[in-house]
Amino acid sequence: MITDVKEYKEKVEQAASYIKEKSGFDSFDIGVILGSGLGGLVEAVENPVEIPYEEIPNFPRSTVKGHSGKLVIGKIGDKKVVMLSGRFHYYEGYPMEVVTFPVRVFGLLGIKLLVVTNAAGGMNPTFRTGDIMIIEDHISFLMPNPLIGPNIEEWGVRFPDVNHVYPEKFWKLAMRIADEMGIRLEKGVYVAVTGPTYETKAELKLLRGWGADAVGMSTVPEAIVAAHMKIPVLGFSVITDIAIPGFINELTHEEVLKVASEAGDKLVKIVEKVIKEVDL
Ligand code: HPA
């Protein structure tokens with residue numbers, strides 16, 4: 001939890017100033033958080049500037065295999081983009097203000113849209129491994145809310161509205177673009193669990209009963225902090241495994257990464273086009 005508001009604000013401000021100075025960009029249009037296996041989007045950036053996390057003042061470091069730990073900055077079409085390659089998960093032991101630190105930095109960099117991607121287990125019986133789901137809404141009861149603690153008034157209100165976190169305008173654009181490319185997109189509710197265990201059968205039954213279509217260990221804290229700063233979110237889950245009691249396989253992180261990177265290629269194409277075409 002943030003205890004010293006002044007100190008936390010200064011840390012975020014220092015990180016944002018460093019990124020502006022190093023990249024030569026004074027403001028940004030879009031922030032992207034790349035989930036497992038989705039690093040291919042980095043190739044869509046023209047003249048990329050890469051900044052390893054270690055170089056950025058106060059920035060956390062990443063510990064998970066398959067997450068490399070750098071910011072990639074540059075233009076995609078006419079949009080100035082800052083991408084987080086390697087996110088921070090609660091299960092790694094980071095407190096929520098560290099998990100969401102990059103989103104605060106993105107907020108100060110002036111982004112007008114946050115694109116988030118993740119790998120998730122598919123709970124809706126119509127989903128197949130390798131499908132991509134647009135996040136229409138989320139469920140966030142199972143992790144601590146990242147806004148618990150003193151509120152930083154300059155960044156947002158004490159009791160933020162979270163009914164418009166994922167505006168229809170953005171996912172409709174993604175749907176149209178995917179349709180034109182002949183790629184099928186699903187749409188549904190993402191539930192965040194803390195991990196690092198995958199779910200038991202009883203847990204999956206419960207989560208499905210709550211209305212979840214996909215389950216994963218990230219994204220929701222980041223989306224809540226974006227909502228606090230009034231930044232709209234466009235979220236995608238790559239369905240890396242089927243999380244339905246009776247159908248679950250022995251799941252390994254390696255399998256999740258493999259499917260994420262195969263299906264990730266489709267998602268990269270969609271996200272690149274969305275970034276080029278979106279009106280902000
Ligand atoms: N459960 C939770 N997180 C996940 C899963 C899952 O089945 N697949 C990928 N991330």
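What counts, and at which threshold
- Residues numbered from 1 in each chain as written.
- Predicted model: local features only at pLDDT ≥ 70, side-chain atom pairs only at ≥ 80, totals over all residues.
- Heavy atoms only, no water.
- Salt bridge = Lys/Arg side-chain N within 4 Å of Asp/Glu carboxyl O.
- Helix = DSSP H or I, 4+ residues; strand = E, 2+ residues; numbered from the N terminus.
- Near = heavy atom within 4 Å.
- Polar contact = N/O pair within 3.5 Å; in protein donor to acceptor, adjacent residues only side chain to side chain.
- Areas by Shrake-Rupley, 256 points an atom, 1.4 Å probe, with all protein chains shown as cover.
- Nonpolar A, V, L, I, M, F, W, Y, C, P; charged D, E, K, R; others polar.
- Axes fitted to C-alpha atoms, helices over the stretch in contact; angles between N-to-C directions.
- Parallel < 35°, antiparallel > 145°, perpendicular 65-115°, else oblique.
- Left-handed = near helix turned anticlockwise from the far one by under 90°.
- Contact = heavy atoms within 4.5 Å.
- Buried < 20%, exposed > 50% of the residue type's maximum accessible area, 1.4 Å probe, protein only.

Chemist: Is there a simple way to explain the pattern of salt bridges in this structure?
Modeler: Opposite charge on two side chains allows them to pair when their charged atoms are near. Under the counting rule described, the total for this entry stands at 19 salt bridges. With a shortest N-O distance of 3.1 Å, Lys 112 and Asp 29 are connected by a salt bridge. With a gap of 83 residues between them, Lys 112 in the loop between helix 3 (101-108) and strand 5 (113-122) and Asp 29 in the loop between helix 1 (5-23) and strand 1 (30-34) connect regions that are remote in the sequence. Among the salt bridges present, the one from Arg 208 reaches Asp 213, with a minimum N-O distance of 3.1 Å.

Chemist: I would appreciate a short explanation of the site of the ligand in the present structure.
Modeler: Neighbouring the ligand are 12 residues; Gly 121, Glu 199, Gly 216, Thr 240 and Asp 241 lie closest to it. A distance of 2.8 Å is found between a nitrogen atom of the ligand and a side-chain nitrogen or oxygen belonging to Glu 199. Here the ligand, which alone exposes 260 Å², has 95% of that area covered by the protein. At the level of secondary structure, the elements contributing two or more residues to the shell around the ligand comprise strand 5, strand 8 (214-216) and strand 9 (233-242). When residues in the shell around the ligand are grouped by element, the largest group, 3 residues, is from strand 5. Of the residues in the shell around the ligand, the class split is 7 nonpolar, 3 polar and 2 charged.

Chemist: Please clarify how the packing of helix 1 against helix 3 should be interpreted in this entry.
Modeler: Geometrically, a packed helix pair is captured by the angle between its two axes and the distance between the axes. The N-to-C vectors of helix 1 and helix 3 enclose an angle of 60°; their axes lie 9 Å apart at closest approach. The pairing of helix 1 with helix 3 is recorded here as oblique in orientation. The handedness of the crossing between helix 1 and helix 3 is right-handed. From helix 1, Tyr 8, Lys 11, Val 12, Glu 13, Ala 15, Ala 16, Ile 19 and Lys 20 reach across to helix 3, where they touch Phe 101, Arg 104, Val 105 and Leu 108. Residues that form the contact of helix 1 with helix 3 fall into these classes: 8 nonpolar, no polar and 4 charged.

Chemist: For this particular structure, what's the right way to read unusual backbone geometry?
Modeler: Trans is the common state for peptide bonds, and a negative phi is the common state for residues other than glycine. Each neighbour pair has its own omega, and for Gly 195 with Pro 196 the value is 0°, a cis peptide bond. Looking at the secondary structure, you find Pro 196 in the loop between strand 7 (185-192) and helix 5 (201-209). The backbone of Lys 230 shows a phi angle near 60°, a positive value even though the residue is not glycine. Along the chain, Lys 230 falls in the loop between helix 6 (220-228) and strand 9. Residue classification places Lys 230 among the exposed residues on the basis of a relative accessible area of 76%.

Scope: geometric values only; no functional claims are made or implied.
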